[in-house]
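# Examination of the molecular architecture
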Amino acid sequence: MVPSWHALLRRGGLRMMFALPRPGALMPPTLDTLDQTMAWRALCGARESVTRSQASVYREGPLRLMASGWTSDIPANDEARELLDNLTPLAMHPGRLALAQLGQSLDGRIATESGHSHYINGLESRTHLHRLRALVDAVVVGAGTASEDDPLLTVRHVSGRQPVRVILDPRGRVPTTSRLLGEAQAPCLHLVGEQVDIAQPTADHVTRLRLPAGTSGFTPATVLDVLAARGLQRVLIEGGGITVSRFLEAGVLDRLHLLVAPLLIGSGRPGLAMTPIATLDQARRPVARTFRCGDDTLFDLDLTRT
């Protein structure tokens with residue numbers, strides 16, 4: 001008898017949702033040029049290898065991936081090279097990883113005043129987001145995003161493993177009609193406050209946990225510790241802006257991916273909203289890399305280095 005998602009998640013198992021090709025057998029026997037599809041398959045294989053064995057080097061046909069970068073015995077086209085440059089540090093990251101992402105306009109807005117945000121960023125940026133989901137164990141959103149945007153948080157634009165979907169809901173306000181709680185494409189972990197009066201979930205794919213919550217919600221470090229204890233060590237904080245800001249200000253993030261669209265909204269909801277600083281020497285200046293995402297620009301910020 002196959003265990004339900006609910007039972008697997010309660011045991012802390014790292015679920016399954018997409019059958020990846022067997023590592024080591026992904027590349028054709030002869031290649032002239034490495035393309036983006038081959039590069040992505042290697043990144044998925046590397047992610048699986050690191051999760052299983054904490055390997056420091058992953059070999060896939062002509063490719064050799066390490067946390068510090070990659071090499072290839074054959075030329076790579078521009079798309080493959082950019083993808084490997086961008087995501088190899090994530091795929092090969094050993095142990096726990098906390099990554100956040102935000103898609104915003106040039107003037108730092110993630111939605112209009114009314115909350116309309118579909119879509120600030122282009123298709124290439126949304127594809128990048130789906131790649132990030134496939135490379136982590138869990139995707140986290142706050143109650144506001146879960147309620148207002150009603151996302152699925154699944155991997156659809158690319159092949160890859162489905163992450164556990166996590167809702168931070170300290171006051172228990174996410175409706176049971178939300179797609180995260182109602183649709184079973186992937187497991188869902190619903191985190192609510194200890195004192196919340198809420199009915200038990202009826203869907204098999206949903207597991208509910210109660211955590212201590214203060215006036216500002218859950219402590220970000222506690223959330224990451226709880227997820228890690230359940231085998232969910234690689235975590236993507238996907239939104240919204242308030243949730244990402246709280247994890248950033250708490251100092252628990254390793255990386256932040258900011259996807260900036262060539263768009264001026266002029267008003268609306270800000271991406272990052274943190275405690276005000278008095279002088280610019282108090283501002284954070286992380287090491288940054290930039291990549292093309294169609295018309296958008298991706299800023300990959302390494303928050304462990306300044």
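Residues numbered from 1 in each chain as written. Predicted model: local features only at pLDDT ≥ 70, side-chain atom pairs only at ≥ 80, totals over all residues. Heavy atoms only, no water.

## Let's talk about the overall build of the chain
Helices and strands together make up the secondary structure of the chain, namely eight helices and 14 strands. Rg of the C-alpha trace for the chain: 19 Å, near the compact-globule value of 19 Å for 306 residues, within the 12% margin. Based on the C-alpha atoms only, the size of the chain along its principal axes is roughly 60 × 60 × 30 Å. Expressed as a percentage of contacts within the chain between residues at least 6 apart in sequence, the contacts between residues at least 24 apart total 69%. Of the roughly 14500 Å² of accessible surface on the chain, a fraction of 51% belongs to carbon and sulfur atoms. Computing the positive centroid from 33 side-chain charges and the negative centroid from 30, the chain places the two 6 Å apart. (Helix = DSSP H or I, 4+ residues; strand = E, 2+ residues; numbered from the N terminus. Rg over C-alpha atoms; globule rule 2.2 N^0.38 Å. Contact = heavy atoms within 4.5 Å. Areas by Shrake-Rupley, 256 points an atom, 1.4 Å probe, with all protein chains shown as cover. Lys, Arg positive; Asp, Glu negative; His and termini not counted. Charge placed at Lys NZ, Arg CZ, Asp CG, Glu CD.)

## Notes on the pattern of salt bridges
Per the stated rule, a full pass over the model turns up 11 salt bridges. Where R289 meets D300, a salt bridge forms, and the shortest distance between an N and an O atom there is 2.7 Å. Taken together, the residues span a long stretch of sequence, with R289 in strand β13 (residues 287-293) and D300 in strand β14 (residues 296-302) at a distance of 11 residues. One network of salt bridges, with partners in common, ties together R47, E48, D137 and R161. (Salt bridge = Lys/Arg side-chain N within 4 Å of Asp/Glu carboxyl O.)

## Some words on the packing of helix α2 (residues 36-53) against helix α3 (residues 78-91)
Across the interface, α2 lies against α3 with an axial gap of 9 Å and an inter-helix angle of 10°. Judged by the angle between their axes, α2 and α3 are roughly parallel. Mapping the contact onto sequence places Q36, A39, W40, L43, A46, R47 and V50 in α2 and E79, A80, L83, L84, L87, T88 and A91 in α3. Considered class by class, the residues forming the contact of α2 with α3 number 10 nonpolar, two polar and two charged. (Axes fitted to C-alpha atoms, helices over the stretch in contact; angles between N-to-C directions. Parallel < 35°, antiparallel > 145°, perpendicular 65-115°, else oblique. Nonpolar A, V, L, I, M, F, W, Y, C, P; charged D, E, K, R; others polar.)

## Re the side chain of S245
Examined against the element boundaries, S245 turns out to sit in helix α8 (residues 241-249). Residue classification places S245 among the buried positions, given a relative accessible area of 2%. One polar contact links the side chain of S245 to the main-chain amide nitrogen of A273, over a distance of 2.9 Å. When near neighbours in sequence (up to four residues on either side) are disregarded, S245 contacts G271, L272, A273 and M274. (Buried < 20%, exposed > 50% of the residue type's maximum accessible area, 1.4 Å probe, protein only. Polar contact = N/O pair within 3.5 Å; in protein donor to acceptor, adjacent residues only side chain to side chain.)

## Section: the nonpolar core
The biggest cluster of nonpolar side chains holds 43 residues, and the ones touching the most others in it are W40, L43, L65 and L87. Taken together, the elements giving at least two residues each to this core come down to α2, β2 (63-66), α3, β4 (97-105), α4 (123-134), β6 (138-142), α5 (143-148) and α6 (179-182). Top element by residues in this core is α2. It accounts for eight residues. The contacts of W40, once residues within four sequence positions are left out, are L83, L87, R131, A134, L135, V158 and S159. Counting 30 residues, the second-largest nonpolar core is a separate cluster that includes A98, V140, V166 and F247. (Core = buried A, V, L, I, M, F, W, Y, C linked by side-chain atoms within 4.5 Å.)

## What about the confidence of the model for the chain?
Confidence in the prediction of the chain, expressed as mean pLDDT, is 90, and 90% of residues score 70 or more. Long-range and interchain partners of residues 1-21, a stretch whose pLDDT sits below 50, account for 48 contacts in this model, where long-range means more than four residues apart. (pLDDT = per-residue confidence, 0-100.)

## Notes on the pairing of strand β8 (residues 188-193)
Burial within β8 is extensive, with six of its six residues counted as buried. As judged from the five bridges shared by strand β7 (residues 164-169) and β8, these two strands associate in the parallel manner. Residue pairing across strands places R165 opposite C188, the latter belonging to β8. Bridge count between β8 and strand β9 (residues 206-211): six bridges; the pairing is parallel. The residue of β9 that forms the bridge with C188 is V206. (Pairing = 2+ DSSP bridges.)

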